[in-house]
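Topology and contacts: notes
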Amino acid sequence: CAVCLGRHPHRTVECSASHTWDKQHETFAERVHKALWTKDGKQICTAWQREEGCSVPKHDAHHVCSGCGMAQHGAQRCPRSQK
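Report follows, based on the coordinates. Note that the structure is a prediction, hence the values are computed from the model and not measured. (Residues numbered from 1 in each chain as written. Predicted model: local features only at pLDDT ≥ 70, side-chain atom pairs only at ≥ 80, totals over all residues. Heavy atoms only, no water.)

Concerning the pairing of strand E1 (residues 29–32)
When E1 meets strand E2 (residues 35–38), the two strands line up antiparallel, connected through four bridges. Within E2, the position partnered with Val32 by the bridge is Ala35. Between E1 and the antiparallel strand that follows it, E2, lie two residues; His33 among them carries a positive phi value of about 50°. (Pairing = 2+ DSSP bridges. Helix = DSSP H or I, 4+ residues; strand = E, 2+ residues; numbered from the N terminus.)

Now the structure itself:
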């Protein structure tokens, strides 16, 4: 899940968790009408969160991890994500 970083079965497109799957960190992103947004109102690229990343180099959504905010990886590669 791009919000809680968990791999447990749940409707990830509607995840409203306030903390990561292990309760160790506050979530960095939230779902608004199924899109990913930072808590300060910036849209996050959902394709960037996948293992293969995003193939569109420039568009309005930011290429940052929805789990921690770093630009070096997406949620699937985040050190905070459930393995």
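There's plenty left to go through after this.
Notes on the side chain of Thr38
For Thr38, the location among the structural elements is in strand E2. A relative accessible area of 7% means that Thr38 is categorised as buried. In this view, Thr38 contacts Phe28, Ala29, Glu30 and Ile44; residues no more than four positions away in its chain are not counted. (Buried < 20%, exposed > 50% of the residue type's maximum accessible area, 1.4 Å probe, protein only. Contact = heavy atoms within 4.5 Å.)

Examining the pairing of E2
For E2 and strand E3 (residues 43–44), the ladder comprises two bridges, and the chain directions are antiparallel. Bridging from a neighbouring strand, Trp37 pairs with Gln43 of E3.

Describing the sheet that holds E2
Sheet architecture is open: three strands sit in the order E1-E2-E3, paired in antiparallel fashion. Each edge of the sheet is formed by a strand with only one pairing partner; in this case those strands are E1 and E3.

What about the pattern of salt bridges?
Tallying each qualifying case throughout the model produces three salt bridges. With a closest N to O distance of 3.3 Å, Lys42 and Asp40 form a salt bridge. For Lys42, a relative accessible area of 40% translates into the label partly exposed. The exposed category is assigned to Asp40, whose relative accessible area is 57%. Salt-bridge contacts for Glu51 lead to Arg77; the nearest nitrogen and oxygen are separated by 3.2 Å. With Glu51 in the segment after E3 and Arg77 in the segment after E3, this pair connects stretches of sequence that are 26 residues apart. (Salt bridge = Lys/Arg side-chain N within 4 Å of Asp/Glu carboxyl O.)

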